[in-house]
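Next come the chains, spelled out residue by residue.
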Amino acid sequence: MKSKEQQTLYMIGNAHLDPVWLWQWQEGFQETKATFRSALDRMKEYDEFVFTNSSAANYEWIENNEPEMFAEIKQRIKEGRWEIVGGWWVQPDCNIPSGESFVRQGLYGQRYFQEKLGVTAKVGYNVDSFGHNGMLPQILKKSGMDNYIFMRPSPQEKGLPGRIFWWESDDGSRVLTYRIPFEYCTWGKDVEKHVRRNMGELKAPFNDLMCFYGVGNHGGGPTKENIESIKRMNNDPAFPTMVFSTPNRYFADMREKELPFPVVHDDFQHHASGCYAVHSGIKKWNREAENLLQAAEKFSSIAKWTTGQKYPENYDLAWKNVLFNQFHDILAGTSLKAAYDDAEHMHGEAMAIASRGLNYAVQSLSWRIDIEEEKDMKPIVVFNPHSWNTKVVVELEVGGLKDDYVLVDDEGREVAFQMVQSQATAGGRYRISFIADLPSLGYKVYKMKKQPPTKKFEVVEADDRKLENDSILIKFDPETGYITSLFDKKKGIELLEGPGARPVVINDRSDTWSHNVLRYEDDIGHFKAKSVQRVAQGPVKSVIRVISEYGMSTLIQDFTMYRELKQIDVHVTVNWQEHFKVLKLKFPVNLIHRKGTYEIPYGHIVRECNGEEEPGQNWFDISGTNPPTGEMCGLSILNDGKYSFDIHNKEMSMTVLRSPIYAHHDPIKPEENGHYTFIDQGIQNFTYSLLPHEGNWETAGTVQRAAELNQKPISIIETYHKGSLPQKDSYLSVDAENVVVTVMKKAEDNDDIIIRAYETTNIETETKIELPKWNRTITTKFKPSEIKTFRIPSDESKPVEETNLLEWVE
């Protein structure tokens, strides 16, 4: 009889399936069928065998391509021998997707499992993802999952108090979490060596562990030899009790024991730090698609209820494309090159669907605005997709502006506008730029009128060396092109120090993942300015263009200062021709008592300023005390498609790109004279913004300004017509600045409207969300960093209900 102080290994038969990695999705598709067939065959051979698997996308493949196998799987699930875990569309990268993308992973994954297989997952499951953001406990909990399983980072990368613990996010949500020892799969036929390693982790009072077995990555799953070796060891008193089991059973048993599990309140980093930056393309497409879909859903919802415009039925297809491309080996940039051709096509389909839906919605609304007839008048309707009043840059192409024109708002007041270079090099086309002052989640009509101006607007002061408005003075070194001064005129604060803000080239011989690399610090050169020149000046904005060169590469930065806005937008074009190098933009700040903060999905996190590469989202910030003045101030850096940053002491850095070999994995060493395909070669475009501020980021509007950069206003040149809608209107507003409504969409199961909002500053907040057109007011209290979802019935006699992230009332 065994005497092992009641130690138990729960043997979890699984198959980690990478639908894309060193292969394209078509190969992953076939391997999914082969793996599922193998698991079903093992069940016929061994009555005690049970199988665990995740990822709704894989099951949709089987449903559509092998319906008989799908029915067989459904029967095994009903018997309790095939367990669904994960509840998400795929196992995504768990740092880079937006907060709303993680919600959609669960929304589409869990609803698929419920509808097609009659179950929902109780265990979150991302065994191979390269890091895990600290907001996941709340998102998991509100998606029906009370438990979580992960493996990376491993103990040498992130110290944790044990294999099993409570993981807690800022709102207080907790999930019971398990870090897999060693590996999620097994490579040999006999699993004894793997089991012996796991035995060394059995420590009182937590004497029960899960041991994962089965061939993985390219699929395969448990083999006959695996199962036979487990049965053999279970008859040997030298081994602990081993049971064929599932994660659900393990977590249920652990909860029943009511053990004193420790609590961890943190994110889980760092594994494969290079994945935050590598392959700029997939990361930019992801950001664009996420934002375009959310904007399209908002205005499609408004148009459906306002004009009767049909709500698109294929937004779920678009989202599923985006979610699939968030798979950890796709979005992280670690797949082979051909996989990114496939990903680009899928993102293109998603964005085409979103663009069509958005256009139908806003044109349905704009066509019903009552616009008076006036000779030579061009109405421009500008839509604001955000839940706050915005002052944002609008640029659009128009025709026939060769005579004197003025721009006026809905009340006839003249507004500054500026002619900028058209995107067409042809006669009769012009491009205008102006600052629109827009109501929250609504629109305003502006008009180009053919008449001489009556109001004179001051231009933004600029020459080849400086830009200046009422708030900020920014200076450039004409030799280097570096920003040497970022001066707050009102507070008398110089925010930069040292060599100034500059582009730096860093040596990086690491593999695609940057395994075992935490910092990029081997500076080997700088881009040197070829020209520093003012290229635009006017009453809306002035622009200094810095063209720099390094080796065969070129960097063009258009530094844009606005008369009415505080942020400096920098439009960047990089033509990168380097191999095994990193490009960073560095910003040394003159602050002490510093705090570095990074946006994470639906939240933020404070991290040490130790120079380690960190994942982030739309913004990161450093705030502290300016030594000469004693003033509290800081700098937020916003972006529209970058995810890799670091703060080293006083210096903020944004990693623009990395150029390793595609799908290069240590320990393989590239041949010195070998021919390889390198990532991020050629031209890419992106925008970042410098937002100097008083106080800290919480009071600086950082969250809003970053959202405005990523989800831009939508403008339409209309015509005059009678209509039932006014020339300015708002469909939603929030009375607390730190609460942001991110989602307005049609419910998945009927014509109700779903509203989602979150608290941005980690402060408990009472607020009202007003929907004036539907006579609805949502009065609620947010916990710190809480995400809330509300269902607004189309029947006005029914009350608004708070739901979970799956749109089910709890």
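None of these values were measured; they are calculated from a predicted model. (Residues numbered from 1 in each chain as written. Predicted model: local features only at pLDDT ≥ 70, side-chain atom pairs only at ≥ 80, totals over all residues. Heavy atoms only, no water.)

Asker: Tell me about the sheet that holds strand S12 (residues 390–399), and please be specific about residues and values.
Answerer: Either a parallel or an antiparallel arrangement is found when strands of a sheet pair, and the pairing is made through backbone hydrogen bonds. The antiparallel open sheet is built from three strands, whose spatial order is S12-S16-S15. Unpaired on one side and paired on the other, S12 and strand S15 (417–420) mark the two borders of the sheet. Taken pair by pair, the neighbouring strands of this sheet meet at an average axis angle of 25°, ignoring direction. Bridging between S12 and strand S16 (residues 429–438) involves ten bridges; their strand directions are antiparallel. Its bridge partner being in S16, valine 392 is matched across the sheet by alanine 436. (Pairing = 2+ DSSP bridges. Helix = DSSP H or I, 4+ residues; strand = E, 2+ residues; numbered from the N terminus. Axes fitted to C-alpha atoms, helices over the stretch in contact; angles between N-to-C directions.)

Asker: I'd like to hear about the packing of aromatic side chains, residue by residue, with values.
Answerer: Under the defined criterion, the tally for this structure stands at 44 aromatic pairs. Ring geometry for phenylalanine 36 against tryptophan 82: centres 5.1 Å apart, planes inclined by 85°, an arrangement best described as edge-to-face. With a gap of 46 residues between them, phenylalanine 36 in helix H1 (residues 25–45) and tryptophan 82 in strand S3 (residues 82–84) connect regions that are remote in the sequence. In this pair, the class of phenylalanine 36 matches that of tryptophan 82, namely buried. Plain terms: the ring middles of phenylalanine 587 and tyrosine 688 are 5.9 Å apart, the flat faces sit at 65° to each other, and that makes the pair edge-to-face. In this pair, phenylalanine 587 is assigned in strand S29 (residues 581–588) and tyrosine 688 in strand S37 (residues 682–694), connecting sequence segments 101 residues apart. Each member of the pair, phenylalanine 587 as well as tyrosine 688, carries the same accessibility label: buried. An aromatic cluster is present here, built from Phe36, Phe49, Phe51, Tyr59, Trp82, Trp89, Tyr112 and Phe113 joined pairwise through their rings. Over the ring of phenylalanine 580 we find arginine 509; its NZ or CZ atom is 4.0 Å from the centre of that ring. (Phe/Tyr/Trp six-rings, centres within 6.5 Å; stacked < 30°, edge-to-face > 60°. Buried < 20%, exposed > 50% of the residue type's maximum accessible area, 1.4 Å probe, protein only. Lys NZ or Arg CZ within 6 Å of the ring centre and 35° of its normal.)

Asker: An account of empty space enclosed by the protein is needed here, citing residue identities and associated values.
Answerer: This model, assessed by the stated rule, comprises six cavities of 30 Å³ or more. Estimates place the volume of the largest cavity at around 360 Å³. Lining the largest cavity are 24 residues, with Asn291, Gln294, Asn618, Ala707 and Thr742 positioned closest to its centre. Tallying contributions element by element places helix H9 (residues 280–307) first for the lining of the largest cavity, with five residues. Looking at side-chain class alone, the lining of the largest cavity contains nine nonpolar, ten polar and five charged residues. As for the second largest cavity, its lining consists of 14 residues, and the residues nearest its centre are Ala501, Arg502, Pro503, Gln557 and Phe559. For the lining of the second largest cavity, the secondary-structure elements that each account for two or more residues are strand S23 (502–507), strand S27 (553–562) and S29. The biggest single contributor to the lining of the second largest cavity is S29, with three residues. (1 Å grid on protein atoms, 1.4 Å probe; cavity = no way out; pocket = protein on both sides within 12 Å on 5 of 7 lines; lining within 4 Å. Points joined across faces, edges and corners; volume = space filled by probe spheres on them. Nonpolar A, V, L, I, M, F, W, Y, C, P; charged D, E, K, R; others polar.)

Asker: Go over the packing of H1 against helix H3 (residues 67–79) with me, naming the residues and quoting the values.
Answerer: Look at H1 against H3: their axes get within 11 Å of each other, and the N-to-C directions meet at 45°. Classified by the angle their axes make, H1 and H3 are oblique. As H1 runs across H3, the sense of the crossing is left-handed. When H1 is examined against H3, the residues Lys33, Phe36, Arg37, Leu40, Met43 and Lys44 are found in contact with a partner set consisting of Met69, Glu72, Ile73 and Arg76. For the contact of H1 with H3, the class distribution of residues is five nonpolar, no polar and five charged. (Parallel < 35°, antiparallel > 145°, perpendicular 65-115°, else oblique. Left-handed = near helix turned anticlockwise from the far one by under 90°. Contact = heavy atoms within 4.5 Å.)

Asker: Could you give me a rundown of the side chain of serine 173, with the residues and numbers involved?
Answerer: Secondary-structure assignment places serine 173 in the loop between strand S6 (164–168) and strand S7 (174–179). Overall, serine 173 belongs to the buried group, its relative accessible area being 11%. A distance of 2.6 Å separates the side chain of serine 173 from the side chain of aspartate 171, its partner in a polar contact. In this structure serine 173 touches Pro137, Gln138, Lys141, Trp167 and Glu168, once residues within four positions along its chain are discounted. (Polar contact = N/O pair within 3.5 Å; in protein donor to acceptor, adjacent residues only side chain to side chain.)

Asker: Now, about unusual backbone geometry: what can you tell me, with residues and values included?
Answerer: With omega at 5°, the peptide bond leading from glutamine 269 into histidine 270 counts as cis. Cis geometry is found at the peptide bond from aspartate 666 to proline 667, where omega equals 10°. As for its placement among the helices and strands, proline 667 is situated in the loop between strand S36 (651–658) and S37. Phi angles above zero are rare outside glycine, and phenylalanine 182 is one such case at about 70°. Among the structural elements, phenylalanine 182 can be located in the loop between S7 and helix H6 (192–199). We classify phenylalanine 182 as partly exposed; its relative accessible area is 35%.

Asker: Run through the environment of leucine 806, naming residues and quoting values.
Answerer: Within the secondary structure, leucine 806 sits in the segment after strand S46 (801–803). Each C-alpha atom of the pair leucine 806 and glutamate 748 lies 9.1 Å from the other, and the pair is 58 residues apart in sequence. If near-sequence neighbours (up to four positions away) are discounted, leucine 806 is found in contact with Gly106, Leu107, Gln110, Arg111, Lys142, Ser143 and Gly144.

Asker: I'd like to hear about the pairing of S23, residue by residue, with values.
Answerer: Counting buried residues in S23 gives five out of six residues, a clear majority hidden from the surface. Both S23 and strand S24 (residues 523–526) contribute to a ladder of three bridges, which runs antiparallel. Bridge assignment links isoleucine 506 to a residue of S24, and that residue is aspartate 523.

Asker: Talk me through helix H10 (residues 315–324); I want residue IDs and the actual numbers.
Answerer: Counting buried residues along H10, eight of its ten residues qualify, which places the element largely inside the surrounding structure. Within H10, burial applies to Tyr315, Ala318, Trp319, Lys320, Asn321, Val322, Leu323 and Phe324. For H10, the elements touching its buried residues are H1, helix H2 (56–65), helix H4 (99–117), H9, helix H11 (328–331) and helix H12 (337–366).

Asker: Give a detailed account of the layout of surface pockets, specifying residues and quantitative values.
Answerer: In this model, the largest pocket occupies a volume close to 1200 Å³. In this structure, the largest pocket is lined by 37 residues; those nearest its centre are Val393, Glu395, Arg431, Lys541 and His571. Those elements giving two or more residues to the lining of the largest pocket turn out to be S12, strand S25 (528–536), strand S26 (541–550), S27, strand S28 (568–576), S37, helix H14 (702–710) and strand S38 (714–717). Per-element accounting of the lining of the largest pocket gives the leading share, six residues, to S12. Here the residues of the lining of the largest pocket sort into 16 nonpolar, ten polar and eleven charged. Considered as a void within the structure, the second largest pocket measures approximately 500 Å³ in volume. Tallied by class, residues from the lining of the second largest pocket come to eleven nonpolar, seven polar and seven charged.

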